[in-house]
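Secondary and tertiary structure notes
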Amino acid sequence: QKVTRSESSQAKKSQHAEEAIFYMNCRAAYLTVLKSSLENIKSKEQLSLVLQQAGRNPSQKTVNKYWTSQTTTLNFDDFCTILKKEQPATKTELLEAFGKIDTDNTGYILHDELYKILTTITFLYLKFCDLYMTTSEQCCKTAREKLEVDSRLRQQQFGSQAETSSEGITPTVSKPSPRVSRKTDHKLAPTKGDSRTPSRPASAQSCKASISTSISMGASCNRNTKLIEPETIKEWQCAQSKGCFYLEEDGEIISHKYKLHLPQKSTVCITIKPLNVRQVEGKSCHWLSVDTALYILKENETQENLQLVSFTEQQNKELCGWKGELGPGVYWLLPFTTGCRLKKVKTQIIGEAKLVYRGEDGELALTKEFRATLLDIFETIDLDGNGLLSLEEYNFFELRTSGEKCDEEAWAVCKENFDMKKNELTRQGFMDLNLMEANDREGDPSDLWVTLLSLGYNKALEMTEACPFVIDIYAEKCKPRIKAVYLEAGSWQLNRAVCKSVVNKGEAKVMDGSENIIIYTYKAGRRITSVIENKSENKVIIHVNNEQSKNCLSNRGLTVFAVEVAPKSMMVSQHVMPLNEQEEWLYNCVHSLL
């Protein structure tokens, strides 16, 4: 066990070192073209140039992929995300590309063959590839040297750094928030966190005004139980639905969203918690530590006009709930997680799990491990928990894994070929469906892996980038009905609901020296959320410093960063949770106006 822990520690240190180098190279390239990483990329030409400085050679098609007709600017975090996706060309890839043109395998390319590509004379492409790789590496090296030589830039350390270490928020290594720009209404600023480290984070000499918030939290094992369920709740009528948070490639979180129908006024109790699916021995259950919450919104005349009613702030261990009275009508239930614990994590996978094999008769079969994983998936996507998949439930699965829906005609074909009951797919039918997919590819598991990865599994069949959950609604005087209606990213309604809940329940502090900037801080159970309100007519940049926090984990993944808040708007500054829930944690945050 000691050896295993030591190896794990070494792997984490190696990972953090790699990420630190990556973000150092990002900063170096960015600052070669722009004055600081607080400055945004303002054109396609700038994007192409800064990518070249990072050792990439982007085509026009690549640039257009990230700079669309809707794009006006890209910030440093966006640039880091692009670099993660656009890997530099290797010498092998270049040689393969030229080899396709050099059909005679002479090592040379004639003028006619390359007229439209590069030059007008014959050349030895092996030497060209060496030259290309040397030039690309030299670009990165020159940018790094410039960053190191310029003491002013070295002190600034502008931009985001590496992923938060296993010790939680640390001042030495930090990483950009994976969040990307989302649509918001006119009263909410975009949640794109311009994550930046200022030149003098401790002294804040460049700040016009600042405000400090310090909250000491006890260990959660000693936390008082707050959610008190009525003694007669077992006699109340109940509705239940499952769902899941999925982590996208860019770090965005999507989940199911629900409509709740109440036929009459009633006292209700609404809870949400991670779904404890069957645990395979030796497999980690990372998702069970993910925080979950529900925001309850009342639907009025239109779907756009949703009003925040309340949210699940009371907690019993991993279960989060709310109890109160609701009138008749339609309500929206929007699941929420802070992203503190559901985030991209690099793990070293030794070997790839086997999904299919051929038996003695030569026929394909699913491995025991893959069958167990499919049963877990079935349990998660069977939203109503009746042991069968309806067409609606199956379509949520299809939308997530393939982006397409199965229509009635295709469902009828499934009925003819796979086991169904009452027009719903059974567990065995679901197994056979996946086996058919393997047979269609003659045992090639590629498509099966696409499905698994989109559902949050890694190559060891561990669910690391998803969190299934279950929602229970108890009503005293009527039968509640709940239905999943969407599977999408957090909407502006959820964004607004989170901000309003913090403003309504949290402690407000006006920033010293700037009465138009208010910081709201709300603590509930095992999380603290802060919201910045900008009442002024101008946008503001707020510097956020967590260096004095202890045993804390921020959804930003950063110790120090900055956020831009639009005029007359409010936005979430950060969510913070304890890294180790069995120990005390100290939230100490300074918000400063740059």
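Note that the structure is predicted; figures quoted are calculated from it, not measured.

A few words on the overall build of the chain. Looking only at helices and strands, the chain has 14 helices and 25 strands in total. Here the chain, with 594 residues, has 51% of them falling under the buried criterion. Residue pairs at least 24 apart in sequence account for 72% of intrachain contacts in the chain once pairs closer than 6 positions are excluded. Carbon and sulfur atoms make up 48% of the accessible area of the chain, which totals about 29,200 Å².

Bringing helix α14 (residues 492-505) into the picture now. Across its 14 residues, α14 extends 20 Å between first and last C-alpha, which sits within 8% of the 20 Å expected from 1.5 Å per residue. Gln493, Leu494, Asn495, Arg496, Ala497, Val498, Cys499, Ser501 and Val502 are the residues of α14 that are buried. Buried-residue contacts for α14 involve β7 (293-299), β8 (306-311), β11 (329-336), β19 (517-524), β20 (527-534) and β24 (569-578).

Okay, the sheet that holds strand β3 (residues 209-217) next. With respect to topology, four strands assemble into an open sheet ordered β3-β25-β21-β23, the strand pairing being antiparallel. Both edges of this open sheet fall to β3 and β23 (560-565), since each of them pairs with a single strand only. With direction set aside, neighbouring strand axes in the sheet form an average angle of 20°. Here strand β21 (residues 540-545) pairs with strand β25 (residues 585-593) via four bridges, running antiparallel. Bridge pairing in β25 links Asn545 to Val590.

On to the packing of helix α10 (residues 391-401) against helix α13 (residues 446-454). Packed helices, taken two at a time, are described by the angle their axes make and the gap between the axes. The interhelical angle for the contact between α10 and α13, taken along N-to-C directions, is 105°, at an axis separation of 9 Å. Between α10 and α13, the angle falls in the class roughly perpendicular. Here Phe397, Arg400 and Thr401 of α10 lie close against α13, whose contacting residues are Val450, Thr451 and Ser454. Per-class residue counts for the contact of α10 with α13 are two nonpolar, three polar and one charged.

Right, let's talk about the sheet that holds strand β18 (residues 507-510) for a bit. With antiparallel pairing, the five strands of this open sheet are ordered in space as β18-β19-β20-β24-β22. Of all the strands in the sheet, the pair left with one neighbour each is β18 and β22 (552-554). Sheet twist, expressed as the average angle between the axes of neighbouring strands with direction ignored, equals 25°. Note: β18 against β19, four bridges, orientation antiparallel. Pairing of Glu507 across the sheet is with Thr521, part of β19. Strands in contact with α14 are β18, β19, β20 and β24; relative to β24, the strand with the most contacts, it is inclined by about 80°.

Our next topic: the nonpolar core. In terms of nonpolar packing, the biggest core is built from 69 residues, with Ile270, Leu333, Ile377, Leu425, Phe430 and Ile471 touching the most fellow members. Sorting elements by how many residues they give to this core places strand β16 (residues 466-475) first, with seven residues. Both domains that meet at this core, namely domain 3 (237-345 + 468-492) and domain 4 (356-463), each give it at least three residues. Non-local contacts of Leu333, meaning those with residues more than four positions away in its chain, are made with Lys257, Tyr258, Leu260, Ile270, Leu294, Tyr295, Ile296, Ile471, Ile473 and Ile482.

A positive phi is found at Asn423, a non-glycine position, where the angle reads about 65°. Examined against the element boundaries, Asn423 turns out to sit in the loop between β14 (420-421) and β15 (424-425).

Taken as a whole and judged by the stated rule, the model has 18 salt bridges. The salt bridge involving Lys259 is made with Glu299; its shortest N-O contact spans 3.8 Å. With Lys259 in strand β5 (residues 253-262) and Glu299 in strand β7, this pair connects stretches of sequence that are 40 residues apart. You can call Lys259 partly exposed: its relative accessible area is 21%. Each of Lys242, Glu379 and Arg427 takes part in one network of salt bridges that share partners.

Let's shift gears to the packing of helix α2 (residues 44-53) against helix α4 (residues 76-85). α4 packs onto α2 with a crossing angle of 55° between their chain directions and a minimal axis gap of 11 Å. Comparing their axes, α4 and α2 come out oblique. The two elements α2 and α4 meet at a crossing, and its hand is right-handed. Taking contact as the criterion, the partners of Leu47, Val50 and Leu51 in α2 are, on α4, Phe79, Ile82 and Leu83.

On to the pairing of β3. Alternating residues of β3 divide into Ala209, Ile211, Thr213, Ile215 and Met217, all buried, and Ser210, Ser212, Ser214 and Ser216, none buried. As defined by bridge partners, β3 adjoins β25 across nine bridges and the pair is classed as antiparallel. Its bridge partner being in β25, Met217 is matched across the sheet by Trp585.

Right, let's talk about the packing of aromatic side chains for a bit. All told, the structure shown has 13 aromatic pairs when counted by the stated rule. Summarising the aromatic geometry, the rings of Phe76 and Phe79 are spaced 6.4 Å apart at their centres and angled 50° between planes, so their arrangement reads as tilted. Taken together, the residues span about one helical turn, with Phe76 and Phe79 both in helix α4 at a distance of three residues. Pair check on accessibility: Phe76 and Phe79 agree, each one buried. The cationic tip of Lys298 hangs over the ring face of Tyr331; the distance from NZ or CZ to the ring centre is 5.3 Å. Sitting over the ring of Trp449, Lys459 keeps its end group 5.0 Å from the ring centre.

All right, on to the side chain of Asn551 then. Looking at where Asn551 falls in the secondary structure, it is placed in the loop between β21 and β22. According to the relative accessible area criterion, Asn551 is buried, its value standing at 15%. At a separation of 3.1 Å, a polar atom in the side chain of Asn551 contacts the main-chain carbonyl oxygen of Glu584. Look past the residues within four positions of Asn551 in its chain and what remains in contact with it is Met577, Pro578, Leu579, Asn580, Glu583, Glu584 and Trp585.

Once that is clear, we can look at the confidence of the model for the chain. Of the residues in the chain, 77% have a pLDDT of 70 or more, and the chain-wide mean is 80. Low pLDDT, under 50, characterises residues 151-205; the predicted model gives this stretch 178 contacts beyond four residues in sequence or across chains. Across residues 221-225, confidence stays below pLDDT 50; counting only partners more than four residues off in sequence or on other chains, it has eight contacts.

Let us now look at the pairing of strand β6 (residues 266-274). Burial analysis of β6 places seven of its nine residues in the buried class, the great majority of the element. Examined bridge by bridge, β6 and β16 share seven bridges and lie antiparallel to one another. Its bridge partner being in β16, Pro274 is matched across the sheet by Phe469.

We now examine α2. By the burial criterion, the buried members of α2 are Leu47, Ser48, Val50 and Leu51. Within two residues after α2, Gly55 carries a phi angle of roughly 85°, on the positive side.

Criteria and cut-off values
Residues numbered from 1 in each chain as written. Predicted model: local features only at pLDDT ≥ 70, side-chain atom pairs only at ≥ 80, totals over all residues. Heavy atoms only, no water. Helix = DSSP H or I, 4+ residues; strand = E, 2+ residues; numbered from the N terminus. Buried < 20%, exposed > 50% of the residue type's maximum accessible area, 1.4 Å probe, protein only. Contact = heavy atoms within 4.5 Å. Areas by Shrake-Rupley, 256 points an atom, 1.4 Å probe, with all protein chains shown as cover. Expected span 1.5 Å × (residues − 1). Pairing = 2+ DSSP bridges. Axes fitted to C-alpha atoms, helices over the stretch in contact; angles between N-to-C directions. Parallel < 35°, antiparallel > 145°, perpendicular 65-115°, else oblique. Nonpolar A, V, L, I, M, F, W, Y, C, P; charged D, E, K, R; others polar. Core = buried A, V, L, I, M, F, W, Y, C linked by side-chain atoms within 4.5 Å. Domains from an automatic or database assignment. Salt bridge = Lys/Arg side-chain N within 4 Å of Asp/Glu carboxyl O. Left-handed = near helix turned anticlockwise from the far one by under 90°. Phe/Tyr/Trp six-rings, centres within 6.5 Å; stacked < 30°, edge-to-face > 60°. Lys NZ or Arg CZ within 6 Å of the ring centre and 35° of its normal. Polar contact = N/O pair within 3.5 Å; in protein donor to acceptor, adjacent residues only side chain to side chain. pLDDT = per-residue confidence, 0-100.

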